[in-house]
Each structure stands twice: as structure tokens, then as C-alpha cells.
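Architecture at a glance
In case you want the letters, here they are:
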Amino acid sequence: MSNQDTNKFTSYQGYIRSKQYCKMNDFTKPMEFNDIYQIEIELLNVCNLSCPLCARANPEVINFLSSHKAVHLDFEVLTTTLLKFPSLKKVHLVGGICEPTLYKEFIPLLEWLKEHNFVIMISTNASTLNEEKWKQIGNILQEEDEIRFAIDGSTQQSYEVYRKGGNLQKIISNFLAFSHSKAFKVLQMIKFKHNKEQYEEEIKTISKFCNNKFDYIYRLTTGSAKPEIGLEYPDQKKSKIDVYKKIFQQASNKIRQTLAKDIYCYSKVGFIYINHLGQFITCCDRYEEFLLDPKPKPTIYNFDKDELMDYLNNIYEDIPNTETCIKYCHKMVQLLQEPDDKIYRN
């Protein structure tokens, strides 16, 4: 596969933040219902692993989940709702607190999505199901689809530092069972402090184990402000976020307006998120924030498009004045580190 072909499958966040994409879209206008062409879905609230930096490791989220039983989105309601979006083209099955392949109707959902010509993207730890099921999934997905296998280690010892509860050999076996698929196959490797020195060597090793039957290695770091961090959940909060937030809060209204104009939030141009409760929110990065917020939200179970768009656009008016946006938005981090006279000279 050529570099040109490979590049089109790199993360959509990187593309839509590009100058080319920004010139094509007016980020100052409210989003309209017909703008929505991609939905990310948290199918359930169950996972088989215990990764230290997952939202599931947040004590507040732990308390929330402990008071709720296992929840799977209603298949009929979900599929009926998806058909109400006239411009919907892509469905991402990723999730902030779940392993999507544990959804009780996962394979029927994939079959339904392909029957209705949706493009599918899946992110999975691949340590669930058996090889026959993975062969079946491989047959369902087509060349326009993408699947990301979160491997993050080349030995069981290095793998389970982060992917606690997983079995590396099972993942490799499942990947190989799937590898005949026409779908675009991505291996994810996160760089942490513990694997920083051997990171590239681990990539070579896992590539060999997978018989090089993948299309792309997704090299992932663990944050924009502090790229290589430890594995204790509180460390995720420590970086420079508080510094950036203080700078932003102290900035004049003129500077705030300039920031808001210069930051292109990808969730404002056709991307939305459905969590395991069926609630609509703006994006996966703000998952914890909205999950723990008791305010009512529109859901797939009481769907009203006008109510949905009013709700989403009211949220977008606060971007980028949120801790989550400051934490995750690379453009925000970049701008807040530049001298004022360089950014705001106009």
C-alpha cells in the first residue's frame, strides 16, 4: 500500500485540524442536524480489562458505575435512531469505558451497519471472543472500514503493565484470525515511561508476531501537554493543564475571543457521541465530564432533533472554556504557550 493510501487512514482528528479542512468549514456557525455525518457509540458500560489511565480508573466514575448494573444500548432503538440522521456515513465503535466487542449484539450490529452502507471504525483490545468470531467479523468488514487493535506491548510482561487482565497471545491469535479481512488493520502501540527506551524495538517484534498482516502502526502518546507519563490515574491530571487553565481564565475577553476563533473543534463539524445510557454528548474526550453531570441530556430513547441541536450548540458556545478541551486540544496547548504579541497582534 502506498504512503498516499495509508495517509488517508490516519486519525480524523489530525486531518480536520489541518489548515485545508479548516478552510473548507465555517466553524463560527451553529451545527445543523444535516451536518452530522459521524457518530461514535459507547455500546455498553462493561470492559474486561483494568487499564490505569482509562476513565474507569477515575474514582468518581468508579462510584458511578458501581451504582449501575451492566447496561447495553437497546439494539432496536439504536438502529432506528441512526437511520434518522440523513447525512450519517460513519459509525465509530470505540467507547470511553467499554470494550465494544462485549456488546451482546455486536456481530448483528456490524451486519446491520453494512447492510445500510455505513463505514465502520472499531477500536478493540481484541482479548474477547474466539477465533471463529474474529474470522466472522473479518468477513463482515470491508475495505472502507477500519479496525484498531490496542496491543501496547510485545511481551506479556510489557503488555500487562497497562493492559491489566489481558492476554497478549490471545490478542495475536485473534488478530491473525481476522487478518484475512479487507478492512484497514491498525496496530496501536502507546509510548509510556516504562517502554520509552525499547518502544521501536517492541513495534518491530509485535509486527513480526502478527506476520506483518496489518496496514498501519498507530504510534500513540498519552497526552498533548505531557507526552510520556506514568500509569497512576492522578498523574493524568497533573501536567500543565492547571497552568494553561489559569492563563486562559486570566486572559482578556479579546484574547478569549481570538482563541475561540482560532481553535477548530472537530466535534463541531459533524461529529457527535452516544454513551452507554443513550445520551448524546459532543465528543469522547468530554465523556467523564458529561457522565458525571446530573443535568438532563437528550437521548436515543426520547429523540427530538430540535432539542438535540439546541443542546449541542449550547455546549459548543462554551468551547474552548473547559478543562477537558484545554487538556486534549493540541491547538489550545500550542496557542497558550505562544507569546501574546505573536498570537494576538491583530
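First, a word on what this report is: a plain description of the structure on this page. (Residues numbered from 1 in each chain as written. Predicted model: local features only at pLDDT ≥ 70, side-chain atom pairs only at ≥ 80, totals over all residues. Heavy atoms only, no water.)

**Observations concerning the overall build of the protein**
When you go through the protein residue by residue, the secondary structure sums to 17 helices and eight strands. For the protein, contacts bridging at least 24 residues in sequence account for 76% of all contacts bridging at least 6. (Helix = DSSP H or I, 4+ residues; strand = E, 2+ residues; numbered from the N terminus. Contact = heavy atoms within 4.5 Å.)

**Focus: the side chain of Ser179**
Its location among the elements puts Ser179 in the loop between α9 (168-178) and β5 (184-190). Within the structure, Ser179 has its side chain in polar contact with the backbone oxygen of Leu176 (distance 2.7 Å). Ignoring sequence-local partners within four residues, the contact set of Ser179 consists of Lys185 and Lys213. (Polar contact = N/O pair within 3.5 Å; in protein donor to acceptor, adjacent residues only side chain to side chain.)

**Quick look at the side chain of Asp145**
Mapped onto the elements of the fold, Asp145 is located in the loop between α7 (131-140) and β4 (146-150). Of note is the side chain of Asp145, whose polar atom sits 2.8 Å from the backbone nitrogen of Ile120. Separated by 2.7 Å, the side chain of Asp145 and the backbone nitrogen of Gln142 make a polar contact.

**Comments concerning the pairing of β5**
Counting buried positions along β5 yields seven of seven residues, so the element is predominantly enclosed. Residues Phe184, Val186, Gln188 and Ile190 line one face of β5 and the alternating positions Lys185, Leu187 and Met189 line the opposite face, and both faces are buried. In terms of strand pairing, β4 meets β5 through five bridges, oriented parallel. Each bridged residue has a counterpart across the sheet, and for Ile147 the counterpart in β5 is Lys185. (Buried < 20%, exposed > 50% of the residue type's maximum accessible area, 1.4 Å probe, protein only. Pairing = 2+ DSSP bridges.)

**With respect to the sheet that holds strand β7 (residues 271-274)**
Here we have eight strands laid out as an open sheet, ordered β6-β5-β4-β3-β2-β1-β7-β8, and mixed in their pairing. Each having just a single partner strand, β6 (216-220) and β8 (280-281) make up the two edges of the open sheet. Here four bridges tie strand β1 (residues 38-41) to β7, and the two strands are oriented parallel to one another. Looking across to β7, one finds that Glu40 is bridged to Tyr273. Each of β5 and β6 is contacted by helix α10 (residues 199-209), which is oriented at about 150° to β6, the strand it contacts most. (Axes fitted to C-alpha atoms, helices over the stretch in contact; angles between N-to-C directions.)

**Here we look at the packing of helix α5 (residues 75-82) against helix α6 (residues 106-115)**
One way to put it is that α5 packs onto α6 with a least axis distance of 12 Å and a crossing angle of 20°. The orientation of α5 with respect to α6, classified from their angle, is roughly parallel. Read as a crossing pair, α5 and α6 show a hand that is right-handed. Of α6, the residues touching α5 (which contributes Phe75, Leu78, Thr79 and Leu82) are Pro108, Leu109, Trp112 and Leu113. In the contact of α5 with α6, the residues fall into seven nonpolar, one polar and no charged. (Parallel < 35°, antiparallel > 145°, perpendicular 65-115°, else oblique. Left-handed = near helix turned anticlockwise from the far one by under 90°. Nonpolar A, V, L, I, M, F, W, Y, C, P; charged D, E, K, R; others polar.)

**Overview of a negative patch on the surface**
Taken together, the side chains of Asp304, Asp306, Glu307 and Asp310 present a region of like negative charge at the surface. Within the element layout of this structure, Asp310 appears in helix α14 (residues 305-316). Accessibility expressed as a relative area gives 53% for Asp310, which makes it exposed. (Patch = residues over 30% accessible without salt bridge, like charges linked within 9 Å, V, L, I, M, F, W, Y side chains within 5 Å. Areas by Shrake-Rupley, 256 points an atom, 1.4 Å probe, with all protein chains shown as cover. Salt bridge = Lys/Arg side-chain N within 4 Å of Asp/Glu carboxyl O. Lys, Arg positive; Asp, Glu negative; His and termini not counted. Charge placed at Lys NZ, Arg CZ, Asp CG, Glu CD.)

**Quick word on α5**
By the burial criterion, the buried members of α5 are Phe75, Leu78, Thr79, Thr81 and Leu82. Taken end-on, α5 shows its buried residues confined to a sector of 160°, consistent with a single buried face. Buried positions along α5 lie against β1, α6, β7 and β8. Its side-chain oxygen placed 3.1 Å from the backbone nitrogen of Glu76, Asp74 serves as the N-cap of α5. (Arc of directions from axis to C-beta.)

**Looking at the nonpolar core**
Ranked by size, the top nonpolar core spans 78 residues in total, and within it Phe85 and Leu93 carry the most contacts. Residues within four places of Leu93 in sequence aside, it is in contact with Ile41, Leu43, Pro100, Phe106, Leu109, Leu110, Leu113, Ile120, Met121, Ile122 and Ser123. (Core = buried A, V, L, I, M, F, W, Y, C linked by side-chain atoms within 4.5 Å.)

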